[in-house]
Amino acid sequence: MNFILSKYGIGQFESKSNRVKGISFHAKRPWILASLHNGCIQLWDYRMGTLLERFDEHDGPVRGISFHPTQPLFVSGGDDYKIKVWNYKTRRCLFTLNGHLDYVRTVFFHPEHPWVISASDDQTIRIWNWQSRSCIAILTGHNHYVMCAQFHPKNDLVVSASMDQTVRVWDISGLRKKNQAPTPMSFEDSFNRQSQTDVFGSTDVMVKYVLEGHDHGVNWVSFHPTLPLVVSAGDDRQVKLWRMSGMVYNSNDNHDNHETKAWEVDSCRGHYNNVSSAIFHPRQELILSDGEDKSIRVWDMTKRTSLATFRRDHDRFWVLTAHPELNLFAAGHDSGLIVFKLERERPAYQIHQNQVFYIKDKIIHIHDLNSGADQEVLSIRKLDSPYVVPRTLSYNPAERAVLVTSPHEGGIYELYHLPKNLSGSLKEPSDESKRGEGQAALFIARNRFAVFDKLGQQVQIRDLSNNPTKSFKTPGQVNEIFYAGTGGLLMSTPSSVILYDIQQRRVSAELSATLVKYIVWNADMSLVALLSKHSITIATKNLKQVCQVHETIRIKSGTWDDSGVFIYCTLNHIKYALPQGDNGIIRTLDQPVYLTRVKGKTLHVLDREAMPRTIKIDPTEYRFKLALVKRQYEEVLHIIRNSNLVGQSIIAYLQKKGYPEIALHFVRDPRTRFELALECGNLDIAIETAKTIDQSDCWSKLGAEALRQGNFKIVEMAYQRTKSYDKLSFMYLVTGNENNLKQMLKISELRNDPISSFQNALYLGDVEERVRLLEQIGQGPLAYLTAKSHGFTEIADSILAQSGKESSEIQLPSNTCELPSIPKPVVQLEDVNWPLLTVSKSFFEGAFAKEAPSSDSTNNAVTSAPAFTYDENVDEDAGDWGMDDDDDLGIPGLSSKAPAEDDLIGTPEPGQIDEGDEGGGWDLDDDIKADLDAEISQAAAQATAEFVAPTAGTNECIIWSQNSPLAADHIAAGSFESAMQALNRQVGIVNFEPLKQHFLSIYQASRISISPMASNPNLFAPIRRNPEESNIRSSLPVVVYSFENLKSNQLQQAYRLFTNGKLVAAAAQFKQLLHSVLFTVVTNNEEASTVNELIDVCREYTTGLQLEQERRAAAGDPKRTLELAAYFTHCQLDVRHSQLALRQATKQAFKLKNFNSASQFARRLLELAPPKSVADEARQIQSVCERNLRDEIEINYDQYNPFVVCGISLEPIYRGSPTSTCPYCRSSYKPEHEGKLCTICGLAQIGAKASGLRIMV
């Protein structure tokens, strides 16, 4: 039998800590308490896997721990003999219960009464009232350590286990009656009860059963929640099951009226060391136990046989508990605790159109999502073990059949046909069900389904009769298979997902995704969500990744929204993921659910009990983001107007996506509005919010942004608010506002700031004021020097006289120079703000502007009426800024509320302008002027509603590439891509790496760099081939690689290297020459023919050098060396160089006693009229060879049959044989080398089709 415990490991949550002696689940929250052997109590969130709190007040190990079922309390007991009651909200101990004389083993709350029961090594059990903080009963009778004591969940019973080898069941009904509300009682009853208690001891608690049967001490005992059963675990390595009879499960009945007895039912044997604890499964007929043999075991309660075992390698188990409501269990061991579940809680289900097919309690149900109707269809109770939940369900709508898989016995599947008539009672399978073995089974076509054998890594395709039609091995290690459309499968490997084509039996695509457990297709199967434990990968149907979302909490399920958003849930949240990569939280969950379908605001789910439910969600956020991403602005505006979409996350999202103007619409906080306004450059809202906030840092930021936009009026206001007098003065200087500079000078005097006064006097060029200031602050020498140097002789003399000095005593510099003066503005602008282009508002700014109420005209009006009236969607940023009534700057003389005569700057308010009396006249001109203005305004608004950027001038480099088809000219223009395309098209070039330096050299040499001012970037000017041409449309770039230079310099250098025997350098030079020829530009046909001849020369020399280098490398093979020497003599070289080749071949043949060949080479050498010494040597060799005209070595060489040499195999290709040619250098190759890279030029593809090299315009 395969429980999740044994199959998937025990691991929903695992903590690492000291030895855990006690554990307790919280009834509602995902919390678990662990009491440790080191004296610490830990509170864990097992769903998040985080430690929430630590409680350290016990001295020594804490063995007992328990949550209160309803109150925010828990109780603990330890080896310090103390019982402590804690409040986890306040995170402190409320009080301590003292009374035990030895270690406290266990503590538990009563489910209803304010009681705590504790078991101790002092051989007693105590019941405490935690409200009155007193002991209300002491249960004595055990004669050894009491290891465990618990209340019955419903009845007035207590069960205890002791090291005296007994289990005792106690009746506490008397204690309950005693602690109930008082009732009228006669004196006799009261006296009799008191006397009986005094003489015979307490009658509140009585021993009901003493269960004997264990051979050693008993460590744990538990009641069954509903049946009259008790389970105990002891050091005799046994788990014993006990039954009690005569029990009426009603706490109000009198138990004395029933004959009662208890007996041992059976023992569960299998542990091979002490059994620490044993509990009943709350909802199934199972028993769980753990022990010091490092194992947890699951037992069948009816058969008393072991069903599953889980072992740890090094940790002994000490305690075991069950969650009061969920299918969760926890066990404490030597190094921490584990939280696990026994059976799979995820229901097997599949969605088809508006129906959900799911399995609950081994019955197939159909749930209609529209009507909510739910119907039981078919019973599948015979599928497998009653304790194993079916794993998957696959539905075939064409045949109305389902495939159900189960992990039972390594994996099985069954094929069922659903009944056509669903009315009446629950149907059983009408025909013999078709069963087989397989880890997974799913329909892939109308009459075919696939079965996956994980052990054998094989997939079988079967028909509806369960007969195999084909099978194939998986392309790798596969963990799971999924549906991927008709004839396709998705296969999950440990590191990727494979799209497998069943018909062609090949892998169509692969996507990296770790351990995918589930997949969810959208409605049209264009997108698929691949769900792993902690990540979601969204991909197309061809497995092209769209986005990936990572989660720290385990992902449970998902479904697609109609709009294309993926909705998924984790253990504690419902979330969304947009295909563009954005994700967020929709709502929180109390318990995990399994999503089936989302329709509007209703989310259809299955809970852990396989019950269909609906959850209300708010899709506004993800629909808003989706509309924003898709640029569906009308939808965005509709959502903004009709929903309450607020929150910092939305604001941050809008800022991140570049829509601060939308975020500005949501925000009401002045500080946030101010920051957003600055971000989107909206100075209107920025100044409005700055006035509301009225803090120095806001005005500083506003001033900086306004300065960036050139709005000096706002800059002026900001500097005034922050009292930045120096910045104000400098701004007035650079804007040429001399009047305001004079006012700033007066203000500095009022502020008694001589430094600021001197600065303003310097800006104004007022020498007399500077001299006066220097005298005032006691700087007489500087005052004299200033006056003297600027020609104010009388003032200088008076300063000298006041100091008692004579002019003869003062030594001044003799050299004179012209002193710098403050530049004066040539033209005084009426509006100092920078002129701004009139641009259309964005979609949202225009929409929001229509909604906003019209503001006070005095705040937005300009000093003079504009010439044209623009459409409301046009934003004129160049308007004036008026002074508001509340702009009192607090600067003497600058307050807007001061009288006109005290206004030092003296700028008149717009409303104070005297426009004179209303004029008379016939108004004829005014009437026609108004109509004309209206028409002109409308035309101007239409013309300027959309901003059109100034048209850029024509780039001469672009004209180069348009005027010329030559690759060199395209490179000079910077169009490398088109140059490479041209070379590929003309001469089949495919390897451009060797040409990189040529590209860069041509590009750099075709332009000059001019350095202007130091702060500006360099200017680049193109260099023309025809500088006398004035029409830019006819210009061409300068020729960088001239043909004359190639022929007279580079070619001659290559010849010299060849003559001197520097073969490697010569080969590199000839190849470099071949590369340079590509970028040569000629002016006539004669030069073009010469260029083609140059290519042939380079080819022949490069081939010959390749032959000679290969000959030298093959020195150990006489036949091959002689063949290569012979081939070298047939290269079309210069006469001098042909003599070298023939001389080398003659000597080589003579040495190897190929006298016939040597004689022929000598004859050909003499025909070329070599120098006398060479000719004499050739004649001698010829005369010796003629005595014996035979060859010792037969070589592949026929001098009488013309041939060319293959550039790769270096073998002859005789005339008439098939050949393949390089389209550039025209080297020859054998046909089998077609498609390879030419080895002679190293650039072109052998056999490629080409139009021919163009080097002339």
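Residues numbered from 1 in each chain as written. Predicted model: local features only at pLDDT ≥ 70, side-chain atom pairs only at ≥ 80, totals over all residues. Heavy atoms only, no water.

1. Looking at the pattern of salt bridges
Here is step 1 of the chain: Scanning the model with the defined rule gives 45 salt bridges in all.
Here is step 2 of the chain: Here Asp969 makes a salt bridge to Arg1025, at a shortest N to O gap of 2.4 Å. With Asp969 in helix α22 (residues 967–972) and Arg1025 in the loop between β59 (1019–1022) and α25 (1043–1059), this pair connects stretches of sequence that are 56 residues apart.
Here is step 3 of the chain: With a relative accessible area of 1%, Asp969 lands in the buried category.
Here is step 4 of the chain: A residue is classified by how much of its surface remains accessible, and Arg1025, at 25% relative accessible area, is partly exposed.
Here is step 5 of the chain: Asp1096 is the salt-bridge partner of Arg1099, the closest N and O atoms lying 2.8 Å from each other. Here Asp1096 and Arg1099 lie together in helix α27 (residues 1085–1113), a separation of three residues that amounts to about one turn.
Here is step 6 of the chain: Here the salt bridges share partners, and the residues they tie into one network are Asp1096, Arg1099, Glu1100 and Arg1226. (Salt bridge = Lys/Arg side-chain N within 4 Å of Asp/Glu carboxyl O. Helix = DSSP H or I, 4+ residues; strand = E, 2+ residues; numbered from the N terminus. Buried < 20%, exposed > 50% of the residue type's maximum accessible area, 1.4 Å probe, protein only.)

2. Re the packing of aromatic side chains
Here is step 1 of the chain: All told, the structure shown has 33 aromatic pairs when counted by the stated rule.
Here is step 2 of the chain: Look at Trp115 and Phe151: their rings are 6.4 Å apart centre to centre, the planes differ by 40°, and that puts the pair in the tilted class. Taken together, the residues span a long stretch of sequence, with Trp115 in strand β11 (residues 115–120) and Phe151 in strand β14 (residues 146–151) at a distance of 36 residues.
Here is step 3 of the chain: Given a relative accessible area of 2%, Trp115 falls into the buried group. (Phe/Tyr/Trp six-rings, centres within 6.5 Å; stacked < 30°, edge-to-face > 60°.)

3. As for the UniProt feature "repeat: WD" (unreviewed entry) in the chain
Here is step 1 of the chain: Within the UniProt annotation, "repeat: WD" (unreviewed entry) is assigned to residues 55–96, 97–138, 139–173, 211–245 and 268–309.
Here is step 2 of the chain: In the segment residues 211–245, helix accounts for 0% and strand for 63%; the C-alpha atoms at its two ends are 13 Å apart. (UniProt positions renumbered as here; feature names shortened; annotations may be inferred.)

4. Let's talk about the sheet that holds strand β6 (residues 62–67)
Here is step 1 of the chain: In spatial order, the strands read β6-β7-β8-β9; together these four strands make up an open sheet with antiparallel pairing. Looking at which strands have only one partner, the edges of the open sheet turn out to be β6 and β9 (92–97). Between one strand and the next, the sheet's axes are offset by a mean angle of 20°, whatever the strand orientation.
Here is step 2 of the chain: One ladder, built from five bridges, connects strand β7 (residues 73–78) with strand β8 (residues 83–87); its direction is antiparallel. Bridged to Gly77 within β8 is Ile83. (Pairing = 2+ DSSP bridges. Axes fitted to C-alpha atoms, helices over the stretch in contact; angles between N-to-C directions.)

5. Remarks on the packing of helix α15 (residues 767–776) against helix α16 (residues 780–789)
Here is step 1 of the chain: Where α15 meets α16, the axes come as close as 7 Å, and the angle between the chain directions of the two elements is 165°. Classed by the angle they form, the pair α15 and α16 counts as roughly antiparallel. Note on packing geometry: the crossing formed by α15 with α16 is left-handed. Mapping the contact onto sequence places Val767, Arg770, Val771, Leu774 and Glu775 in α15 and Gly780, Leu782, Ala783, Thr786 and Ala787 in α16. (Parallel < 35°, antiparallel > 145°, perpendicular 65-115°, else oblique. Left-handed = near helix turned anticlockwise from the far one by under 90°. Contact = heavy atoms within 4.5 Å.)

6. A closer look at the pairing of strand β4 (residues 41–45)
Here is step 1 of the chain: Where burial is concerned, most of β4 is hidden: five out of the five residues are buried.
Here is step 2 of the chain: Neither face of β4 is open: one carries Ile41, Leu43 and Asp45, the other Gln42 and Trp44, and all of them are buried.
Here is step 3 of the chain: Here strand β3 (residues 31–36) runs beside β4; their pairing, made up of five bridges, is antiparallel. Looking across to β4, one finds that Ala34 is bridged to Gln42.
Here is step 4 of the chain: Of the strand pairs in this sheet, β4 and strand β5 (residues 50–55) are connected by five bridges, and their pairing is antiparallel. Bridge pairing in β5 places Asp45 opposite Thr50.
Here is step 5 of the chain: Between β4 and β5, which follow one another and run antiparallel, lie four residues, and Gly49 among them has a positive phi close to 75°.

7. Description of the nonpolar core
Here is step 1 of the chain: By size, the foremost hydrophobic cluster in this structure holds 83 residues, and its most contacted members are Leu983, Ile989, Leu995, Leu1078, Phe1079, Tyr1224 and Cys1241.
Here is step 2 of the chain: Here this core gets eight residues from one element, more than from any other, and that element is α27.
Here is step 3 of the chain: If near-sequence neighbours (up to four positions away) are discounted, Tyr1224 is found in contact with Val987, Leu1074, Val1077, Leu1078, Ile1095, Cys1241, Leu1243, Ala1244 and Leu1253. (Core = buried A, V, L, I, M, F, W, Y, C linked by side-chain atoms within 4.5 Å.)

8. Quick look at helix α11 (residues 712–722)
Here is step 1 of the chain: Among the eleven residues that make up α11, nine are buried, leaving the element largely enclosed by the rest of the structure.
Here is step 2 of the chain: Taken residue by residue, α11 has Phe712, Ile714, Val715, Glu716, Met717, Ala718, Tyr719, Gln720 and Arg721 as its buried positions.
Here is step 3 of the chain: Tucked into the core, α11 has its buried residues touching α9 (683–693), α10 (696–709), α12 (725–734) and α13 (738–750).
Here is step 4 of the chain: With its phi angle positive at about 55°, Lys723 sits one or two positions after the end of α11.

9. Some details on a negative patch on the surface
Here is step 1 of the chain: Residues Asp361, Asp374, Glu376 and Glu609 make up a contiguous surface patch of negative charge.
Here is step 2 of the chain: Position of Asp374 among the secondary structure elements: in strand β32 (residues 374–379). (Patch = residues over 30% accessible without salt bridge, like charges linked within 9 Å, V, L, I, M, F, W, Y side chains within 5 Å. Areas by Shrake-Rupley, 256 points an atom, 1.4 Å probe, with all protein chains shown as cover. Lys, Arg positive; Asp, Glu negative; His and termini not counted. Charge placed at Lys NZ, Arg CZ, Asp CG, Glu CD.)

10. Considering the sheet that holds strand β46 (residues 527–531)
Here is step 1 of the chain: Read from one edge of the open sheet, four strands run β45-β46-β47-β48, paired in antiparallel fashion. One side of each edge strand has no neighbouring strand; the edge strands of this open sheet are β45 (518–521) and β48 (545–550). With strand direction ignored, the average angle separating the axes of adjacent strands in the sheet is 15°.
Here is step 2 of the chain: In this sheet, strand β47 (residues 535–540) lies alongside β46 in antiparallel orientation, the contact comprising five bridges. Bridged to Leu527 within β47 is Thr540.

11. Remarks on the side chain of Thr124
Here is step 1 of the chain: Tracing the chain through its elements places Thr124 in strand β12 (residues 124–129).
Here is step 2 of the chain: On the basis of relative accessibility, which here comes to 11%, the residue Thr124 falls in the buried class.
Here is step 3 of the chain: Of note is the side chain of Thr124, whose polar atom sits 2.7 Å from the side chain of Asp122.
Here is step 4 of the chain: Non-local contacts of Thr124, meaning those with residues more than four positions away in its chain, are made with His100, Ser118, Ala119, Ile138, Leu139, Thr140 and Val146. (Polar contact = N/O pair within 3.5 Å; in protein donor to acceptor, adjacent residues only side chain to side chain.)

12. What about the packing of α12 against α13?
Here is step 1 of the chain: Where α12 meets α13, the axes come as close as 9 Å, and the angle between the chain directions of the two elements is 155°. The angle between the axes of α12 and α13 places the two elements in the roughly antiparallel class. Taken as a pair, α12 and α13 cross one another with a handedness that is left-handed. Each of Tyr725, Leu728, Ser729, Tyr732 and Leu733 in α12 lies in contact with α13, whose residues at this interface are Asn740, Leu741, Met744 and Ile747.
Here is step 2 of the chain: Of the residues assigned to the contact of α12 with α13, the class counts are seven nonpolar, two polar and no charged. (Nonpolar A, V, L, I, M, F, W, Y, C, P; charged D, E, K, R; others polar.)

13. Points about a nonpolar patch on the surface
Here is step 1 of the chain: On the surface, Leu782, Leu785 and Leu812 cluster together into a nonpolar patch covering about 240 Å² of accessible area.
Here is step 2 of the chain: Mapped onto the elements of the fold, Leu785 is located in helix α16.
Here is step 3 of the chain: With a relative accessible area of 40%, Leu785 lands in the partly exposed category.

14. Considerations on the environment of Ser492
Here is step 1 of the chain: Along the chain, the position of Ser492 falls in strand β42 (residues 488–492).
Here is step 2 of the chain: A relative accessible area of 1% means that Ser492 is categorised as buried.
Here is step 3 of the chain: Considering only alpha carbons, one finds Ser492 and Val516, 24 residues apart in sequence, at a separation of 5.9 Å.
Here is step 4 of the chain: Dropping the residues within four chain positions of it, Ser492 is found in contact with Gln477, Val478, Asn479, Glu480, Phe482, Leu515 and Val516.
Here is step 5 of the chain: Here the side chain of Ser492 touches Val516 through a polar contact of 3.0 Å, landing on its backbone oxygen.

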